[in-house]
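Residues per chain are reported as follows:
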Amino acid sequence: MGATTINLALRSLWARKMTALLTIISIAAAIFLFVAVENLRQGARTSFEQTLSDTDVIVGARSSPIALVLYSVFQIGDPTNNVTWESYKEISTRADVAWAVPISLGDTHKGYRVIGTTADYFKHYKYADKQNLAFARGEEFNDLFDVVLGAQTARELGYELGQSLTLSHGLGKASFVHHDDKPFKVTGILAPTGTPVDRSVIVSLGAIEAIHMGWQNGMPTPMSRLATPERLRQMVLEPKSVTAIFIGASARVKTLGLQRDLNSYEAEPLQAVIPGVALSQLWNVVSIAERALAIVSAFVIAVGLIGILTSILTSLNERRREMAILRSLGARGRHIFTLLVSEAALLALIGGLLGLTLLYSFLWIARPFLEVRFNMGALQSLPGAFDFAVVLGVTFIAAMLGVIPAIIALKRSLSDGLSVRV
Amino acid sequence: MSIDPVLQLKDLSFGYGSAPDLINIERFSMARGESLFLRGPSGSGKSTLLGLIGGVLTPRAGQINLCSSEMSAMSSGARDQLRADHLGIIFQQFNLLPYLSSLQNCVLPCRFSAKRRARATQMAGGVEVAVKELAGGLGLTDADLKRPVGALSVGQQQRVAAVRALIGAPDLIIADEPTSALDHDNRGRFIELLNQQRQAFGSSLLFVSHDNSLAPHFDRAASLAALNQVKAM
Ligand SMILES: Nc1ncnc2c1ncn2[C@@H]1O[C@H](COP(=O)(O)OP(=O)(O)OP(=O)(O)O)[C@@H](O)[C@H]1O
Ligand SMILES: [Mg+2]
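Numbers given to residues run from 1 along each chain, matching the order in which its sequence is written. By the order in which they are written, chains take letters starting at A while ligands take numbers starting at 1. In keeping with the predicted nature of the model, local features appear solely for residues at pLDDT of at least 70, side-chain atom pairs appear and are counted solely at 80 or more, and the whole-chain, interface and lining totals rest on all residues. Remark: hydrogens and water are excluded; side-chain values derive from all non-hydrogen atoms of the structure.

**Here we look at the layout of surface pockets**
Residue and element names in this part refer to chain A.
(1) Moving on: Grid points spaced at 1 Å over the protein atoms alone were grouped into cavities, where a 1.4 Å probe fits but cannot get out, and pockets, open sets with protein on both sides within 12 Å along at least five of seven lines, with lining residues defined by an atom within 4 Å of a point. Grid points are joined across faces, edges and corners, and a volume is the space filled by probe spheres set on the points. When its volume is computed, the second largest pocket comes out at roughly 530 Å³.
(2) Moving on: Residue lining of the second largest pocket: 21 residues in total, with Asn82, His169, Ile208, His212 and Ser241 positioned closest to the centre.
(3) Moving on: Contributions of two or more residues to the lining of the second largest pocket are made by β3 (97-109), α7 (205-211) and β13 (215-216). In this text, helices come from DSSP runs of H or I with a minimum length of four residues, and strands from runs of E with a minimum of two, each type numbered from the N-terminal end.

**Describing the pattern of salt bridges**
(1) Moving on: Salt bridges, as used here, are contacts in which a Lys or Arg side-chain nitrogen is within 4 Å of a carboxyl oxygen on Asp or Glu. This model, assessed by the stated rule, comprises 23 salt bridges over all chains.
(2) Moving on: A salt bridge links B:Asp80 to A:Arg327; the nearest nitrogen and oxygen atoms lie 3.4 Å apart. Here A:Arg327 lies in helix α12 (residues 320-328) and B:Asp80 lies in helix α2 (residues 76-86), a pairing that spans two chains. With respect to burial, B:Asp80 and A:Arg327 carry one shared label: buried. A 1.4 Å probe rolled over the protein chains alone gives each residue an accessible area, and that area as a share of the maximum for its type sets the label: buried under 20%, exposed over 50%, partly exposed in between.

**Focus on the domain arrangement of chain A**
(1) Moving on: When its domains are assigned, chain A resolves into domain 1 (3-48 + 287-416) and domain 2 (57-273).
(2) Moving on: Where each domain begins and ends is defined by an automated method or by a domain database. Distance from the C-alpha centre of domain 1 of chain A to the C-alpha centre of domain 2 of chain A: 52 Å.

**Observations regarding the packing of aromatic side chains**
All names here are of chain A.
(1) Moving on: The criterion for an aromatic pair is that two Phe, Tyr or Trp rings (for Trp, the six-membered ring) have centres within 6.5 Å, with stacked assigned to planes under 30 degrees apart, edge-to-face to planes over 60 apart and tilted to the rest. All chains considered together, the criterion is met by 14 aromatic pairs over all chains.
(2) Moving on: When the centroid spacing of 5.3 Å and the interplanar angle of 45° are considered together, the rings of Phe122 and Phe135 count as tilted. Of this pair, Phe122 sits in helix α5 (residues 120-124) while Phe135 is found in strand β7 (residues 135-138), placing the two residues 13 residues apart along the sequence.
(3) Moving on: Accessibility expressed as a relative area gives 6% for Phe122, which makes it buried.

**Observations concerning the pairing of strand β4 (residues 112-117) of chain A**
Each regular strand displays side chains that alternate between the two surfaces of the sheet.
All names here are of chain A.
(1) Moving on: When you tally the buried positions in β4, you get six out of six residues, the bulk of the element.
(2) Moving on: Inspection of the sheet shows β3 paired to β4 by five bridges, in the antiparallel sense. Within β4, the position partnered with His109 by the bridge is Tyr112.
(3) Moving on: A loop of two residues connects β3 with β4, the two strands running antiparallel in sequence, and Lys110 in this loop sits at a positive phi of about 50°.
(4) Moving on: The pairing of β4 with strand β12 (residues 201-204) spans four bridges and is parallel. From the neighbouring strand, Val114 faces β12, where its bridge partner is Val201. We call two strands paired when DSSP finds no fewer than two bridges between them.

Set out below in structure tokens:
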């Protein structure tokens with residue numbers, strides 16, 4: 001009997017296909033939006049927390065843990081202080097340290113931040129699920145004035161291998177102090193990672209030292225003229241300090257001890273953070289906007305559900321005769337009830353499945369375009385359990401709402417009797 | 001004609017909402033297999049009476065006994081079941097579901113009643129076959145049955161409604177002035193065909209109308225005004 005009633009509901013809906021279609025489209029749009037936002041949120045969270053992986057500890061000058069992560073990983077904000085080269089050397093030789101990669105910040109190229117580091121950076125900087133940086137074209141820096149570009153930097157500036165460029169002093173976008181006398185050459189362009197590395201310009205630590213040779217207090221002195229590229233290439237360039245150090249512990253279990261030791265480092269005040277923990281904390285701060293987005297899309301679903309209710313309630317008047325006929329043919333109260341409840345559920349279910357189909361077709365078509373710009377690992381290509389749970393949940397709520405018109409129709413069909421004059 | 005009545009009314013009274021009684025019938029009964037013509041002017045309460053007999057309206061007082069079952073003692077669910085099993089109803093007008101084909105309309109009563117489904121299957125071998133046989137008897141072709149009801153003439157729609165009321169051989173068929181849209185000759189022919197089919201099934205027929213000229217087609221004729229203690233103004 002249930003199948004018969006649902007069959008009737010379907011045919012009755014089909015007879016009112018214009019209204020039904022509009023209702024279905026509104027639900028489809030709501031589900032499309034909600035599932036897209038939710039998946040992007042999840043994807044954003046995952047890719048955010050996977051910005052850095054395999055690095056156990058980040059060390060910098062003492063400030064706040066979040067500030068350290070922001071400037072060392074996300075290239076946001078200014079480092080306040082540096083870590084001396086002596087500390088770096090000592091830390092890197094500790095028994096519980098497997099590897100230590102120093103980075104030096106403070107210069108830019110057309111607003112893109114410059115990271116001075118060692119060739120080990122390409123070996124140990126990992127993102128997502130312990131994925132290494134890969135070169136789309138070219139290779140690591142070999143010469144003192146070689147530079148490697150992140151994917152986004154190269155794309156947005158239109159740079160190719162062999163491009164010559166100069167760096168500017170300071171982290172602001174409008175830097176007026178340039179290192180014009182020491183041009184660099186692009187030797188490598190990284191593949192997209194979906195991390196801030198995409199927006200960076202990477203040079204050797206020696207290069208950072210070289211371009212500031214003969215500088216004092218952030219300004220060049222006449223002495224700097226003497227440091228020509230040719231002479232600099234002959235020199236052993238060792239920095240006096242670095243901005244931060246990425247460290248891999250010799251064993252996972254040593255991480256906490258290492259962090260404790262470094263936080264109470266005697267030679268200078270240092271701060272060690274565990275990136276995973278800091279990233280989670282940071283996410284809670286930055287995710288407020290995304291949560292707002294999720295709330296908005298939940299409201300869109302609520303509006304869609306109210307649309308279902310409205311369309312059924314308005315259809316009740318023109319369907320009084322239909323109900324009376326069904327009752328005269330032997331339909332019991334529960335049939336009328338099932339008819340209207342399943343109509344609401346069907347509208348939501350069809351709308352929901354349509355929404356999912358549209359969303360994933362859209363992703364499928366747009367994937368080639370999106371993949372160029374983003375790290376798509378976070379976005380699934382087929383609807384998952386969560387998506388179907390959303391559709392089923394919405395269908396269930398719609399069925400619950402369908403109880404309202406069902407009760408009205410039931411009461412009415414009892415007082416209408418067998419003759420309805422409409 | 002067996003002796004136990006198919007329908008019995010006793011001290012039945014009814015009125016809509018808080019309005020005064022519209023119907024007050026002391027005693028009325030129909031024998032099994034009998035066809036009865038009930039006459040009454042427009043607004044006299046004919047459709048209301050049929051609603052009471054159909055168990056869709058609840059009387060203020062009194063008894064309605066359909067096929068030896070006392071409706072006033074039943075829950076509304078049981079009354080619905082009784083109607084589904086024993087009553088075939090032909091509406092006053094527009095009584096087909098527009099979103100179903102004629103055939104699907106005719107099959108519906110058997111969907112809601114296992115008893116009628118069983119009877120149709122027993123008599124013809126299957127519900128759809130039963131529909132086709134009845135339709136043939138009422139002058140409808142198989143092609144008519146496949147068409148959406150909107151594509152049928154008013155006369156054809158009446159016949160489809162009759163097939164739907166007859167399917168599964170219900171004990172009582174109540175027809176609410178079903179022929180008012182047809183001309184006199186066609187009305188007569190329709191009632192004759194309806195009578196033939198329901199006689200073959202042994203169903204009783206209660207036919208209400210304000211048009212007295214139809215009375216000769218029935219075993220017996222009665223006047224609602226004579227039955228009803230509530231006098232119209
Ligand atoms: N659902 C209702 N609620 C309130 N009053 C009603 C309702 N249905 C009918 N009535 C009133 O009851 C009276 C009888 O109506 P009913 O439909 O039974 O008449 P009828 O004899 O079938 O008339 P007709 O020959 O025109 O079909 C009328 O005065 C009508 O206005
Ligand atoms: Mg009437």
